[in-house]
Amino acid sequence: MRTQVAIIGGGPSGLLLSQLLNRAGIATVVLERKSRDYVLGRIRAGVLETGLVNLLREAGAGARMDREGHLHDGCHLAQNGRMFRVDFREACGKQVMVYGQTEVTRDLYDAQDAMGATVIHEAEDVALHDLTGSPYVTWRDAAGEHRLDCDFVAGCDGFHGISRQAIPASVRTEFEKVYPFGWLGILSRTPPVEDELIYAAHDRGFALASMRNPALSRYYIQVPLTDRVEDWSDEAFWAEFRARMPEDVAARLVTGPSIEKSIAPLRSFVTEPMRWGKLFLCGDAAHIVPPTGAKGLNLAASDVHYLLEGLVAHYRGDGRGIDAYSQRALARIWQAMRFSWSLTTMMHRFPGASDYERRMQDSELALLERSATARQLLAENYTGLPY
Ligand code: FAS
Ligand code: PHB
C-alpha cells in the first residue's frame, strides 16, 4: 500500500486532519489501534473554540453541531459560595460552542465514511520506519502483517501513543507539571443546573458544572490522586458537588444516576520539537493541558490547522509551511499552557498550600470580579486565541 500522509490515531486530531487533507485532494490512511465503538465510547471534552467550529464546518462535519450544539456567551466563576459572570461577548465579542467531543468524533467518522476515506481499526503494533528518509508504517491485524509507504506521517495517537517516542530522545525536550489531584467526572441524564458553565473554587476543592445538552449534564469535582472511581457512590458525588457550589445552585440541582463516571489525572505537558524528518506530531501526542481551560481538544484543532496549511503548500511546491509547523504550533500551545496552568492554579485547592498562596488565589478571583480588563484577558483565552 502507498499513500501521501499516513495518520496514526483515529481520535479527533487524526480524523479532522484526514478529512481536511482529503478535501484538499491529499490522500491519507488512518491507522487506529482500537475499534470505532471503543473510540466513540470515550467521554471527554465539551467546549469548542470558534477555530475548531470553523474547521469542522470546513471539513463538512459541522451540520449536526450547528443543529444540536449550544453557543455560550459566557460562564460563571464561584468562590466559596459567591458567583459572578464572565461575559465573553461583552469582553471580546466571541462565544464558545458546547458540543461533546464524542459527538465531534462521531461526526468526523460519518464524514470520513461519506468521503470513502481509509480508516483502519484494530491496527496492532503500529511501528514507524525511516522517518528521515522514505517513511513507511507497519502494523498487524487479523489479516496478518501490513506495510504502508507514504510521503509523511502524522502522529495523532495521543499521550500514550508511539509517535512521540519515534523522535530520538536526544532531539526531544519534554516539559511537564503533574498536579497533585485529579477530576472525578460524571455524566447524568439530568437537566443542567445552570444555562452556562460554573467553575467553582471552594475550600473543599474545585467543582465544575458543565453539560452536553438540555437533558445531559457533565459535572466534575477535584479529588485526591489516591481516590478511585469505586470510592465514590453517586450519592457521595452529589453531596460533595452540592457542598462546593453556591447555595442557590445546590438547591436547584437535579440529581440522577451516573451513566459514566471516571477520574482523569491533571498534567501540563509539551514535547519539542513537533517534527522529526517526515513525522509531525499533532494533538495530545505532543501536549496535554489540565482540562480546566477546556483547551485540550481545541489545541489539537489548531495543530491540525497549521499542519494542513503546511502539507497543502508542500504539495503545491512550497515547503515553508511544513518547515514552520513546529514553531507555529508551539507558539499557540504555550499560550494555552499558560492559561490552563493559571486557571488551574487559581481554582483548585493544593495540598500543603501556604496561607499566603491561598490569599493569592482569593485575590486573583477578586481581581476578575472587579476588573473588566482582567475578565477580558480570561475571555480572550477561554474563547480561543487567533490561529
Ligand atoms: P486522543 O487521545 O483523543 O486520540 C488518539 C487516538 O490514537 C486514540 O483513539 C487511540 O486509541 C489512538 N492510538 C493510541 N496509540 C495508538 C497506536 N500505537 N496505534 C494506533 N492508534 C493509537 N480536553 C478538554 O478540552 N476538556 C476535557 O474535559 C477533557 N477531558 C479529558 C479526559 C480524559 C480522560 C482525557 C484522556 C483527555 C481529556 N481531554 C479534555 C483532552 C482530550 O479531549 C484531548 O485533547 C483530545 O482527545 C485530543 O485528541 P487527539 O489528539 O486525537 O488524542
Ligand atoms: C466538559 O464539559 O467536559 C468540560 C467543559 C469545560 C472544561 C472541562 C470539561 O473546562
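Residues numbered from 1 in each chain as written. Chains lettered and ligands numbered in written order. Predicted model: local features only at pLDDT ≥ 70, side-chain atom pairs only at ≥ 80, totals over all residues. Heavy atoms only, no water.

### Examining the overall build of the protein
Counting secondary structure elements, the protein contains 12 helices and 20 strands. A globule of 387 residues ought to have a C-alpha radius of gyration of about 21 Å, and the protein, at 21 Å, matches this closely. Seen through its C-alpha atoms, the protein measures out along the principal axes to roughly 60 × 40 × 40 Å. A total of 387 residues make up the protein; the buried ones form 55% of that total. With an accessible surface of roughly 16100 Å², the protein has 50% of that area assigned to carbon and sulfur atoms. (Helix = DSSP H or I, 4+ residues; strand = E, 2+ residues; numbered from the N terminus. Rg over C-alpha atoms; globule rule 2.2 N^0.38 Å. Buried < 20%, exposed > 50% of the residue type's maximum accessible area, 1.4 Å probe, protein only. Areas by Shrake-Rupley, 256 points an atom, 1.4 Å probe, with all protein chains shown as cover.)

### Points about the site of ligand 2
Around ligand 2 sit 14 residues in total, of which Tyr199, Ser210, Arg212, Tyr220 and Pro291 are the nearest. Note that an oxygen atom of ligand 2 is positioned 2.8 Å from one of the side-chain N or O atoms of tyrosine 199. A distance of 2.7 Å separates an oxygen atom of ligand 2 from a polar backbone atom of proline 291. Elements with a contribution of two residues or more to the shell around ligand 2: strand E15 (207-213) and strand E16 (216-223). It is E15 that provides the largest number of residues to the shell around ligand 2, a total of three residues. When grouped by side-chain class, the residues that make up the shell around ligand 2 number eight nonpolar, three polar and three charged. (Near = heavy atom within 4 Å. Polar contact = N/O pair within 3.5 Å; in protein donor to acceptor, adjacent residues only side chain to side chain. Nonpolar A, V, L, I, M, F, W, Y, C, P; charged D, E, K, R; others polar.)

### Focus on the nonpolar core
Counting 68 residues, the largest nonpolar core has Leu16, Leu31, Leu48, Leu56, Val137 and Val153 as the members making the most contacts within it. Here the element with the most residues in this core is helix H9 (residues 296-315); it accounts for nine residues. Beyond its immediate chain neighbours, meaning those up to four positions away, leucine 48 contacts Val53, Leu56, Met65, Val96, Met97, Tyr99, Val104, Leu297 and Asn298. In terms of nonpolar packing, the next biggest core, distinct from the first, is built from 31 residues, Val86, Val96, Leu343 and Leu378 among them. (Core = buried A, V, L, I, M, F, W, Y, C linked by side-chain atoms within 4.5 Å. Contact = heavy atoms within 4.5 Å.)

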